[in-house]
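Coordinate inspection notes
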Amino acid sequence: MMEGFTLLDPLTLSPPSTWQLLFEFWQFNDMNVLWVLMGSILLGVSASVIGSFAFLRRRSLIGDALAHAALPGVMMAFLLFHTRDPLVMFLGAVTSSFIGFFIIDWLPKNTKIKPDAALAITLSFFFALGLMLLSFIQGMEVENKSGLDKILFGQAAAMTQEDITLLMYVTIFILIAVVLFFQKFRLIAFNTNFARSLGMAVNRYELLLALLIVMSVVVGLQLVGVVLMAAVLLTPIATARMWSDELRNILFLAGAVGAISAIISTQISYLAPAMPTGPWMVVSLSSLFFLSLLFAPKKGLVKRYLMQRQLRQKVLEENILRTLYKLWERSQFEQNDFNISDIQALRAMSTLNLRKALKQLCRRDLLKESARGFRLTENGLEQATQLTRRHRLWENYLNEHLELSPDQVHSQAERIEHILTLEQEKQLEEELKDSRKDPHGNRIPDAQVRTQTGSKST
Amino acid sequence: MNDVWIIATASLVAISSALVGVFLILRRQALMGDAISHSVLLGIVLAYLATDSRSLTVMLTGAVLIGLLTAWLSDTLHKVGKLQSDASIGIVFTLFFAIGVILISIYAGQVDLDQECVLYGEIAFVPFDTIVWGSDADGIEIGPRAFWAIGIVFLIVLTSIVVGFERLKTVTFHPSLAVSLGINVVFWHYFLMTLVSMTTVASFDAVGAILVVALLVIPASSAYLVTSSLKGMLWVAAAYGQASVLMGYGIAFLLDSSISASIAVTAGLLLFMTIVVLEIRKKIFGKQIKEALKAS
């Protein structure tokens, strides 16, 4: 009879504090702890990396189905050989996972059943079969049967030395395979048809990829469990994707995410041996995911929100500047002194927003407070002129080159004036050498000092 | 008598799931059904911990809220996080399920649930948990709790489908037409998700969180293969569900295995047989057509 790891000394009568336990954990006095930790880190890394390819192939939940499909294999192996030898279990699980994989593949190709339904059917059928066999085994009079149900939710503490040795061999094999076939897998993941046209034996590599996924799923069952294995394949890549766009970096990050969650969950398993490990791994993975989703430097939601707000603010301010230019133009360039209701007469804006924006513009030295309200400063004038110029140039361009009628061009120019660059402005000017007026008959202001070349032309 | 209660409960579970499952299959949301049936666990545990009661209303409310949250959060992650839709579903339901399992193991002493029954349900024990009508002393036993729970949900599902049949049909087959007709497609989506949550939670006692997925998708898929109208598919799916219950119960009796697992396995075997029959028919018809072509 094989014995599970006892991570906690059962003789300790007064339970030591959490910190004491953590301290003990990191001292690695218990070699077993070190083994379990290393095993789970390796699993976290390899599952995350191989799961990334499944994700990129748009088969994110394949791991879920394959993990469920492994269950009857484990039970069958036990029924046939009456042993809990890790290798036998492993082979049984791999076999039935692979059958599951083929069914998922076969059903949508040969029947009306859609891929998502095929996945759900395979998953639930195999799982039911596994549970049926498990309940059958539990009714039998055999030895060694206790602990079989641990693979449902995973229990790091129940792993044996043999389990961990096998886990290490398999995960290292997976990692080596990924390194060796990185280029091929990448090509298949991003463009299967292109890979095929290059004469690659795509089917063979897909099969290899499937085998690697199956292996990492199966070997992870004791740590994470059947039900939640999907998350270990899927969540790390979803997290890593928030941080980078380059596949190599993403894979490293995904591996790191997997490793971190493995460390966290192993510690919890050490502190509370009765706790199933799998759920804790999933919770730590998901926490990392949601943190990244919110706070990742480029693609995080907070960053995106801030950038959007910044853009909105910029558009608002520029709209005000342009409105002021128009007012100034209407007074035949004499009266540079406006109040809020002047602005609102030309452009609908809430007073509150307008006040805030005006204050901001004053602070940036584009406006100055004056007798009636505000006046454009030198800088403000320059920027307002440039914006108006871009707006009207664009209107002209649409009118002349795209033959849009004058009443169609305004709203488009309204949007583009904020993002046109100096370079584009010059190009427009080249294209429209003769035009001095926009389609509505307003004069296009000359470029300011900063764009010397502009003012020289015509 | 106990057998009758068990079979009656299982039949209601299978038929309600099959009816709801038809819409999941047709709308290609089988995975959403999978996700909701997992998340419901968290709803049940939270509802129990919050109110300390296992009344049907509390469980249904908790499950429906969590079910809708799952659907909404997956949808939001898909849109805002720019993730593939099945990836976002996977992230959400594994998290909810994990939290559910953790809460169960933390409050193991308080919650009348364990990891086992989450997986299998305990349909064999269904007859022993009865509702007593009237005061405890001289009330009348009116049957198992689980039976009444799924009975009520079955009526809700049936009524919704009968009353909303035309709407559901339009939304299912022509979503864009439905939009142009002014039908609130989003409402019907979440309505369907509510039905799924209610069915799974009411089935929870009987078959557990995961086997209900089998009953949701497998009979409906079998029916999908052999029918060509929505009404026909609903009837045939229900029939497949009922057949799985009867045969599954027999198998469980013979093998002394878990009843709920055997029912789910039978559903799968029936689907398998359906596919085999269809394939054989395809071969024979294919031959006949070829011969007919040769002869002409």
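Right, let's talk about the overall build of chain A for a bit. When helices and strands are counted, chain A shows 19 helices and 2 strands. Its C-alpha atoms give chain A a radius of gyration of 33 Å, clearly above 23 Å, the size a compact globule of 458 residues would have. With the principal axes as the frame, chain A shows a C-alpha extent of 100 × 60 × 35 Å. Counting across all 458 residues of chain A, residues that qualify as buried make up 44%. By sequence separation, contacts in chain A at least 24 residues apart represent 71% of the contacts at least 6 residues apart.

In this section: the overall build of chain B. For chain B, the helix and strand inventory stands at 11 helices and 2 strands. Mapped from its N terminus to its C terminus, chain B presents α and β elements in the order α-α-α-α-α-β-β-α-α-α-α-α-α. The buried share among the 296 residues of chain B stands at 49%. For chain B, contacts bridging at least 24 residues in sequence account for 71% of all contacts bridging at least 6.

It is common to give the size of an interface as the accessible area lost on bringing the parts into contact. Across the boundary between the two partners, chain B contributes 45 residues, which contact 45 residues of chain A. Those elements that provide at least two residues to the side of chain B that touches chain A are helix H2 (30–51), helix H4 (85–106), helix H5 (115–120), helix H9 (185–226) and helix H11 (259–295) of chain B. Residue classes in the side of chain B that touches chain A are distributed as 29 nonpolar, 12 polar and 4 charged.

A separate point is the confidence of the model for chain B. Residue and element names in this part refer to chain B. Chain-level statistics for chain B give a pLDDT mean of 87 and a share of 92% at 70 or above. Of all helices and strands in chain B, the one with the weakest mean pLDDT is H5 (65), whereas helix H10 (residues 230–255) scores best (94). Complex prediction metrics read pTM 0.84 and ipTM 0.91.

The next subject is the domain arrangement of chain A. Splitting chain A by domain gives domain 1 (18–299), domain 2 (303–376) and domain 3 (380–456). Put simply, the middle of domain 1 of chain A and the middle of domain 3 of chain A, counted by C-alpha atoms, are 59 Å apart.

Residues and elements named next belong to chain A. Scored by pLDDT, chain A has a mean of 83; 93% of the residues are at 70 or more. When the criterion is pLDDT under 50, residues 1–13 qualifies, and its contacts beyond four places in sequence or with other chains add up to 16 contacts. Of the regions scoring below 50 in pLDDT, residues 449–458 engages in 12 contacts with residues more than four places distant in sequence or in other chains.

Residue and element names in this part refer to chain B. With 19 residues, helix H6 (residues 145–163) should reach 27 Å at 1.5 Å per residue; the first-to-last C-alpha distance of 27 Å fits that figure. All of the buried residues along H6 are Ala146, Phe147, Ala149, Ile150, Val153, Phe154 and Val157. Here the buried residues of H6 occupy an arc of 160 degrees about the axis, which is enough to place them on one side. Every exposed residue of H6 that faces more than 90 degrees away from the buried side is listed here: Leu155, Thr159, Val162 and Val163.

Attention now goes to unusual backbone geometry. Residues and elements named next belong to chain A. Even without a glycine there, the phi angle at aspartate 365 is positive, about 65 degrees. Note that aspartate 365 resides in the loop between helix H15 (351–363) and strand S1 (367–369). Accessibility expressed as a C-beta count within 10 Å gives 11 for aspartate 365, which makes it exposed.

Cut-offs applied
Residues numbered from 1 in each chain as written. Chains lettered and ligands numbered in written order. Predicted model: local features only at pLDDT ≥ 70, side-chain atom pairs only at ≥ 80, totals over all residues. Helix = DSSP H or I, 4+ residues; strand = E, 2+ residues; numbered from the N terminus. Rg over C-alpha atoms; globule rule 2.2 N^0.38 Å. Buried ≥ 20, exposed ≤ 12 C-beta atoms within 10 Å, placed from the backbone. Contact = placed C-beta atoms within 7 Å. Nonpolar A, V, L, I, M, F, W, Y, C, P; charged D, E, K, R; others polar. pLDDT = per-residue confidence, 0-100. Domains from an automatic or database assignment. Expected span 1.5 Å × (residues − 1). Arc of directions from axis to C-beta.

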